Every structure is written in structure tokens, then in C-alpha cells.
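Listed here are the chains, written in short residue letters.
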Amino acid sequence: MAHELGEGGDLLILGISELATAVGDSARRGDAMRDIVRIPDAAVVARGGVIEYAGPRLGLTQELVEGLEPLDAHGAAAMPGIVDSHAHFVFAGYRADEFLQRARGSSYMEIHRNGGGILRTVEATRAADLDALMRLGEARAWAMIQQGVTSVESKSGYGLDLETELRQLEASRAVAERAPIDVVASYLGLHATGPEFAGDASRYVDYAIAEVLPAVALQGIARFADAFCEPGVFSPEECRRFLEAAKALGLGVKIHAEELQRSGGAALAARLGAASADHLIMAAPEDHALLAEAGVVATCLPLTSFCLGAKYADARGMIDSGCALALATDLNPGSACSGSVALAMALAVLSMGMSVEETLTAFTLNGAAALGLAGDRGSLEPGKRADLILLDAPSIDYLPYRTGVNLVQATIKDGELSYRA
Ligand code: NIG
Ligand code: FE
């Protein structure tokens, strides 16, 4: 039996027409998002799942390739694995009817106010046991792996009670054991007011702080806490109370900020030193400046704008103000039930004025930074995890150009082949 590609995380790839990567072990901000390296005729060497070499083929030495069976990429472009730093993919039930209602003119908040939206997914998720949630999450994880995703966030927020939130987070952890993907779990405690609290958001916030946060922190099953800061959902003050409590327990924090209306979430993210502020569709130039100054990753979610028929976040304004911008899918059953990395990239370039270099940085290194993973993921450099993808294209320019087409030919996680087209 031939040696399986990448077995044990040992790997030599030749025949790469272009190796494209951002460099560094933290988020790249502003203009620096554009200066990625693009190396023609490149090679990658990994041992034990860690990159030893990523550079020109001519730079390989005998010592580097010793004992490795080469894989010929046949002119594919190579880049770091996608880091999808904002996703809600462990849930039960779909809401196709709401999508069609919105397409006919209803708004996301109208549906939310009428008891639809998030609370419908809460009902279905509460009814799903751990095994069902694991299987749903695992199936969606494989769909991501086929699109080159090697690390993904998993937000809870479809339980809104102690038992179900913990179950969603537990299922998220289990997905990483069942599929070759890293999963970073976030407790999205303030997603909507739990039905038991009959619209009393403040009392629900007290409950989340007193009952759920301590259990999440004690079990160590989430790295971040997150809150949906939006008029009619949670106020900046409610989010502040919850996120400060989370920080005190050692969790990092994230905020769904300025998604449908501008309400102060971005300023709060800057004040709290959040890992990221996400959505930012309605963010103003003052918000961009605050996020840049505080070093908060500004995460934009073009599929959500596309699916909601909303405007796109001002990515140019953010990058030109010196922000570190990340792109992610926001995969969820409501506002953006797509998960298409290819479409998100095309929208970033076509509708948000981002260059292909910025798009690559945003979906890899800056996504990793938004999840606290940039130290060993998000770029192709010696010492980093060998998480990379090969494209059915000679250069990364084809990513937006082949609009909406999944060009991923192979996904390699920790130096092992996890998917091949
Ligand atoms: O990121 N904004 C809040 N949360 C999700 C939507 C969740 C849902 O509708 O189920 C979002 O858009
Ligand atoms: Fe979201």
C-alpha cells in the first residue's frame, strides 16, 4: 500500500504555480492587509503537521525533503486554509419560509418581533438531543472542509437556557473530534431574550450572567462570549454588563455590532478590547477609527448583506482607517443560510471594493486573529500548522473571478489531506 498523502502530517508539495499568503502571527491592519507574498513555482514541506518550509521550489534543500514522497500539485495555487471566524452552524431546523418572506419585502426585525427568527431555531434546537446536534454540526463541518475551511467558530445562542446552551457548546467541541477541523466555541448568551423571560431582556441578562456564564467558564467549553447589540434585541448597556462579566471569568469577547441599525456596539467593542466587532453594516467613520485604535478586528459578513438585501459594510473605510478587517460567512439558519466562501469572496471584491490580496488576508490571518489563533494558524510560514488548500486555478486572482465557484481541489489540515475534489 502506497504511503498515504500527508500521513502523520509529513508532506512535500511541488508544482504549486503560486503560493499566496499573508505573513505574521497577528492581524494585519490597514494597508498592510495588501502586502501578501505571492511566490511562483513554490513548494511546501511539513513534518508532524507543522510547516517547515513554504517558498520557492528552488529554495528546497536535500535535508528539507529527506524521506518525503512528493505530491505534484499540477499547477494549482496554494494558500492558507480558510478561517471562518463568525459562524452559527450547530443548530436544528431551517427557516426557508422566512427567507422567502423577506424576499417579498418583510424585514428581519419584523419577523423577529412576531416570534419568528431566532426563537424558532431556539425551539427546534431545544428539541434536539446532543447526538442530533453533533450530527448536524458534523455534516455542516464537512461541507466547510470541502470549501477549504480548516478552522471555524461555532456560536451557541439557540438555547437561551443553561441546558441547551451547554449542549450546543458540547456539540461544537464534539464536531472537532469527529471531523478534521478546528472549532472555536463562543457562548452567544445574548442572542435573543429567552422565551421564559417574556420580553424582559434585562431579567434575561441577569439570568445569563448568574446561571449560564459561570457554568460555561467552569467547563471551559467556550473561548469567547458574544452579544447581539441591536435596538429591540439588547442595548449597549445590557451587552456591557454581560460581556464584562464574561471577561471577569476569563473569556474573550465579541459583539454583533451595528448590523441593522447603529446603536453603539462598535464603541463598546473598542472600550472592552473585544477580539472582534462583527457585521458593522451601519458603522460610521468614528466607529472605524475607534476599532482601529483599539486593535479590535472588524469582521464583515457580506453574505448577510446579500441575503438580507442590506447594504454592504464600508470595508474600504475600515481598511483605510487602519482597521484589521476579517471576512466570515455568518452561516446561520436566519440571516445568511449560505456558508459559501466563494460567494463571500466575490462579494468582497465586487461589492465592497476589496482587493484580492485584502480578501485573502481577511479570510485567513485576520480571521485567525479574530479567534485568537494567529500565533500558529492563518498563514503559510515555518512553525505554523500545515493548514492549507490547493485551488483548481493557477493564481488566487481566480477566486473572485470564478464567481461563486468553489475552486478548492484539496484541503490539508495539520499536514494531512482532509478533502480532495
Ligand atoms: O449574525 N444577528 C444575529 N444573529 C445572526 C442571525 C441569527 C438568526 O437569524 O438565526 C446574524 O445575523
Ligand atoms: Fe452572526
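In this text the structure is predicted, and so the values were computed from the model without any measurement.

Student: Which parts of the structure should I look at to understand the site of ligand 1?
Tutor: Contacts to ligand 1 come from 15 residues, most closely from Arg 95, Tyr 108, Tyr 158, Glu 259 and Ser 335. For ligand 1, a nitrogen atom lies 2.8 Å from a polar atom in the side chain of His 191. Here ligand 1, which alone exposes 330 Å², has 100% of that area covered by the protein. Of the pockets mapped on this structure, ligand 1 occupies the largest cavity. Of the residues that constitute the shell around ligand 1, the class distribution is four nonpolar, eight polar and three charged.

Student: So what exactly am I meant to see when it comes to empty space enclosed by the protein here?
Tutor: Over the atoms rolls a probe the size of a water molecule, and its path tells where empty space is left. Counted by the stated rule, this structure contains three cavities of 30 Å³ or more. Estimated volume of the largest cavity: approximately 100 Å³. Lining the largest cavity are 14 residues, with His 88, Tyr 108, His 191, Asn 332 and Ser 335 positioned closest to its centre. Broken down by class, the residue content of the lining of the largest cavity amounts to four nonpolar, seven polar and three charged. There is about 90 Å³ of room inside the second largest cavity. Considering the residues around the second largest cavity, the lining is formed by 13 residues, among which Gln 147, Val 341, Leu 399, Asn 406 and Val 408 are closest to the centre. Counting residues per element, the ones that place at least two in the lining of the second largest cavity are α13 (341–351) and β13 (388–391). With three residues, α13 is the single largest residue contributor to the lining of the second largest cavity. Residues that form the lining of the second largest cavity fall into these classes: eleven nonpolar, two polar and no charged.

Student: Is there a simple way to explain helix α5 (residues 130–145) in this structure?
Tutor: Think of an α-helix as 3.6 residues a turn; residues three or four steps apart then line up on the same face. With 16 residues, α5 should cover 22 Å at 1.5 Å per step; its first-to-last C-alpha distance of 22 Å lies within 8% of that length. Among the residues of α5, those classed as buried are Ala 132, Leu 133, Met 134, Gly 137, Glu 138, Arg 140, Ala 141, Met 144 and Ile 145. For α5, the elements touching its buried residues are α4 (118–126), β6 (149–155), α6 (162–178), β14 (408–413) and β15 (416–420).

Student: Please explain the packing of α5 against α6 as it appears in this structure.
Tutor: Packed helices, taken two at a time, are described by the angle their axes make and the gap between the axes. Across the interface, α5 lies against α6 with an axial gap of 8 Å and an inter-helix angle of 50°. With respect to each other, α5 and α6 are oriented oblique. Here the hand of the crossing between α5 and α6 comes out right-handed. Taking contact as the criterion, the partners of Leu 130, Leu 133, Met 134, Arg 135, Gly 137, Glu 138, Ala 141 and Trp 142 in α5 are, on α6, Arg 167, Gln 168, Glu 170, Ala 171, Ala 174, Val 175 and Arg 178. Tallied by class, residues from the contact of α5 with α6 come to eight nonpolar, two polar and five charged.

Student: What is the right way to look at the pattern of salt bridges in this model?
Tutor: Side-chain pairing between opposite charges can occur once the charged atoms of the two side chains come close. Following the criterion strictly, the structure yields 33 salt bridges and no others. Across the salt bridge formed by Glu 153 and Lys 155, the nearest N and O atoms sit 2.9 Å from each other. Judged by its relative accessible area of 0%, Glu 153 is buried. By relative accessible area, which is 1% here, Lys 155 ends up buried. For Arg 167, the salt bridge is made with Glu 163, and the minimal N-O distance between the two is 3.4 Å. Within this pair, Arg 167 and its partner Glu 163 are both found in helix α6, separated by four residues, close to a single helical turn. Judged by relative accessible area, Arg 167 falls into the buried class, the value being 13%. Note on Glu 163: relative accessible area 59%, which makes it exposed.

Student: Looking at this model, I keep getting lost on the domain arrangement of the chain. Mind explaining?
Tutor: Buried accessible area, meaning the area lost when the parts come together, often serves as the stated size of an interface. Looking at the chain, the domain boundaries give domain 1 (2–79 + 379–420) and domain 2 (83–370). The gap between the C-alpha centroids of domain 1 and domain 2 is 29 Å. If you look at the interface, domain 1 gives 34 residues, while domain 2 gives 37 residues. The junction of domain 1 with domain 2 conceals about 2600 Å² of combined surface from both sides, 70% of it contributed by carbon and sulfur atoms. Counting across the interface, domain 1 meets domain 2 through three salt bridges. Glu 357 serves as the salt-bridge partner of Arg 38, at 3.0 Å between the closest nitrogen and oxygen. Linking domain 1 with domain 2 are nine residue pairs in polar contact (both at pLDDT 80 or more). Looking at which element gives the most residues to the side of domain 1 that touches domain 2, the answer is β14, with four residues. The residue inventory of the side of domain 1 that touches domain 2, partitioned by class, reads 15 nonpolar, ten polar and nine charged.

Student: How should I be thinking about the pairing of strand β8 (residues 224–228) in this particular structure?
Tutor: Working note: regular strand, side chains alternate between the two faces of the sheet. With five of five residues buried, β8 lies mostly within the body of the structure. Alternating positions in β8 separate into two faces, Phe 224, Asp 226 and Phe 228 on one and Ala 225 and Ala 227 on the other, with burial throughout. Two strands pair when backbone bridges link them, and strand β7 (residues 182–190) and β8 are joined in this way by three bridges, in the parallel orientation. Following the sheet pairing, Leu 190 is matched in β8 by Ala 227. Each parallel crossover has a hand, and the one from β7 via helix α7 (residues 201–219) to β8 is right-handed. Pairing of β8 with strand β9 (residues 252–257), which is carried by five bridges, proceeds in the parallel orientation. Within β9, the position partnered with Asp 226 by the bridge is Lys 254. Where the polypeptide runs from β8 across helix α8 (residues 236–248) and back to β9, its parallel neighbour, the crossover connection is right-handed.

The rules behind the values
- Residues numbered from 1 in each chain as written.
- Chains lettered and ligands numbered in written order.
- Predicted model: local features only at pLDDT ≥ 70, side-chain atom pairs only at ≥ 80, totals over all residues.
- Heavy atoms only, no water.
- Near = heavy atom within 4 Å.
- Polar contact = N/O pair within 3.5 Å; in protein donor to acceptor, adjacent residues only side chain to side chain.
- Areas by Shrake-Rupley, 256 points an atom, 1.4 Å probe, with all protein chains shown as cover.
- 1 Å grid on protein atoms, 1.4 Å probe; cavity = no way out; pocket = protein on both sides within 12 Å on 5 of 7 lines; lining within 4 Å.
- Sits in = over half its atoms within 2 Å of the grid points.
- Nonpolar A, V, L, I, M, F, W, Y, C, P; charged D, E, K, R; others polar.
- Points joined across faces, edges and corners; volume = space filled by probe spheres on them.
- Helix = DSSP H or I, 4+ residues; strand = E, 2+ residues; numbered from the N terminus.
- Expected span 1.5 Å × (residues − 1).
- Buried < 20%, exposed > 50% of the residue type's maximum accessible area, 1.4 Å probe, protein only.
- Contact = heavy atoms within 4.5 Å.
- Axes fitted to C-alpha atoms, helices over the stretch in contact; angles between N-to-C directions.
- Parallel < 35°, antiparallel > 145°, perpendicular 65-115°, else oblique.
- Left-handed = near helix turned anticlockwise from the far one by under 90°.
- Salt bridge = Lys/Arg side-chain N within 4 Å of Asp/Glu carboxyl O.
- Domains from an automatic or database assignment.
- Buried area = accessible area lost by both parts, 1.4 Å probe.
- Pairing = 2+ DSSP bridges.
- Right-handed = clockwise from strand over helix to strand, strands pointing away.

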